Amino acid sequence: MTTPEAEQSQAPRPEERLERAVRAAEQALIEFEIAVETFRVEVENFSRLHEQKLGPMYARLEELEAQIAEARAARTGDPEDLRAAHEARARVTPIPGVEELLHGWMDGHGLFPEAAAMLTDQAVRPPERVRPSEEARKLYRELARKAHPDLAQKEDERARREEFITRVNAAYARGDEALLRELAAEWAAGPAPAERPPSRSEELYARLEWLARRKELLTLVARELEDGAIASMLRLAPDDPDALLDEIAERLRGDVARREAELAELLAQGETQG
């Protein structure tokens, strides 16, 4: 028969239970960070494609709206039409100044390749679309779990992990499966993570508090991503977002055609009256 004293000796110490709680919280936080980062890359990629495919049509519609309002105002001379024309023109993206035009096209090392291509009348490569493969996703998750800075206990080890994870994130954002494999081999060949030394209860409580604050911050980031317009569009067609863009593009082409016809009719009326 087991005595109360023996049962008490077999029960985990409070520090052991706290250590388990910290480890569980760390793993949960890492999984949450992986989910947020993969979602961020997905939103960023879809945003880039959205701008590439639909941006010119939205700009064309704005310009047509302004031209229609201006043609109507020129024909009627009505103060209300003149005001509407002025507001419509103000909504059109203004032509940037020289500084704004060069921003994003050159840095301290000179012109970017895209800018040089435009100035030399060469074909400009469209924005590259990145969609990480399933294998790249798998490699990224494995590396993030193994090398995450939150698993380090010493500052030098944390710094090493942060530098490594920065390279992992950059490779994943580009969908570079080959580089992710190289990084996996590099991590496997690197120094083994130091074992966790025994921790006092106060240190473990502090660790839990830090993990909780970190989770709150990530929750805010995730909420901001989810509340954005791009994420809302992704939710409409999670299995085939490309088809959704094609559908919107078709609708926009119809809007452009109708606005062009309306503008042509207004201009023709103006010529007749003239």
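Residues numbered from 1 in each chain as written. Predicted model: local features only at pLDDT ≥ 70, side-chain atom pairs only at ≥ 80, totals over all residues. Heavy atoms only, no water.

(A) Seen up close, helix H7 (residues 155-173). If you check H7, its first and last C-alpha atoms are 27 Å apart, about what 19 residues at 1.5 Å a residue would give, namely 27 Å. All buried positions along H7 are accounted for by Glu157, Arg158, Arg161, Phe164, Ile165, Val168, Ala171 and Tyr172. The buried residues of H7 occupy an angular sector of 145° when projected down its axis, which confines them to one face. Projecting away from the buried face of H7 at angles above 90 degrees are the exposed residues Glu155, Asp156 and Thr166. The inward-facing, buried residues of H7 contact helix H2 (14-76), helix H6 (134-147), helix H8 (177-189) and helix H9 (201-227). Backbone geometry just after H7 places Gly175 at a positive phi near 70°. (Helix = DSSP H or I, 4+ residues; strand = E, 2+ residues; numbered from the N terminus. Expected span 1.5 Å × (residues − 1). Buried < 20%, exposed > 50% of the residue type's maximum accessible area, 1.4 Å probe, protein only. Arc of directions from axis to C-beta. Contact = heavy atoms within 4.5 Å.)

(B) Structural context of the pattern of salt bridges. Applying the stated criterion across every chain, the model contains 27 salt bridges. For Arg89, the salt bridge is made with Glu70, and the minimal N-O distance between the two is 2.8 Å. Of this pair, Arg89 sits in helix H3 (residues 79-91) while Glu70 sits in helix H2, placing them 19 residues apart in sequence. By relative accessible area, which is 30% here, Arg89 ends up partly exposed. Across the pair Asp255 and Arg258 runs a salt bridge, and its minimum N-O distance is 2.4 Å. Of the two residues, Asp255 and Arg258 are both situated in helix H11 (residues 241-273); the distance of 3 residues between them amounts to about one turn of the helix. (Salt bridge = Lys/Arg side-chain N within 4 Å of Asp/Glu carboxyl O.)

(C) Structural context of the side chain of His50. Its location among the elements puts His50 in helix H2. Sequence-distant contacts of His50, that is, excluding residues within four places in its chain, are made with Gly55, Tyr58, Ile230, Met233 and Leu245.

(D) Just a nonpolar patch on the surface, in detail. A cluster of nonpolar side chains, contributed by Leu217, Leu220 and Val221, occupies part of the molecular surface with about 250 Å² of accessible area. For Val221, a relative accessible area of 35% corresponds to the partly exposed category. (Patch = residues over 30% accessible without salt bridge, like charges linked within 9 Å, V, L, I, M, F, W, Y side chains within 5 Å. Areas by Shrake-Rupley, 256 points an atom, 1.4 Å probe, with all protein chains shown as cover.)

(E) Representation of H9 in the model. In this model H9 runs 39 Å from its N-terminal to its C-terminal C-alpha over 27 residues, within 8% of the 39 Å that 1.5 Å per residue would give. Of all the residues in H9, the buried ones are Leu204, Arg207, Leu211, Leu218, Ala222 and Leu225.

(F) Focus on the packing of H9 against helix H10 (residues 229-236). At a minimum axis separation of 5 Å, H9 and H10 run at an interaxial angle of 70°. By the angle between their axes, H9 is roughly perpendicular relative to H10. For the pair H9 and H10, the contacting residues are Leu225, Glu226 and Asp227 in the first and Ala229, Ala231, Ser232 and Arg235 in the second. Tallied by class, residues from the contact of H9 with H10 come to 3 nonpolar, 1 polar and 3 charged. (Axes fitted to C-alpha atoms, helices over the stretch in contact; angles between N-to-C directions. Parallel < 35°, antiparallel > 145°, perpendicular 65-115°, else oblique. Nonpolar A, V, L, I, M, F, W, Y, C, P; charged D, E, K, R; others polar.)

(G) Local environment of the packing of aromatic side chains. Tallying each qualifying case throughout the model produces 2 aromatic pairs. Taking 4.4 Å as the distance between ring centres and 20° as the angle between the ring planes, the aromatic pair formed by Tyr140 and Tyr172 counts as stacked. Here Tyr140 is found in helix H6, whereas its partner Tyr172 is found in helix H7, with 32 residues between them in sequence. The buried category is assigned to Tyr172, whose relative accessible area is 1%. Ring centres of Phe164 and Trp187 lie 5.1 Å apart, and the angle between their planes is 40°; this geometry places the pair in the tilted category. Here Trp187 lies in helix H8 and Phe164 lies in helix H7, a separation of 23 residues in the sequence. Note on accessibility: Phe164 and Trp187 belong to one class, buried. Seen from the ring of Trp210, Arg158 lies directly overhead, with NZ or CZ sitting 5.8 Å from the centre. (Phe/Tyr/Trp six-rings, centres within 6.5 Å; stacked < 30°, edge-to-face > 60°. Lys NZ or Arg CZ within 6 Å of the ring centre and 35° of its normal.)

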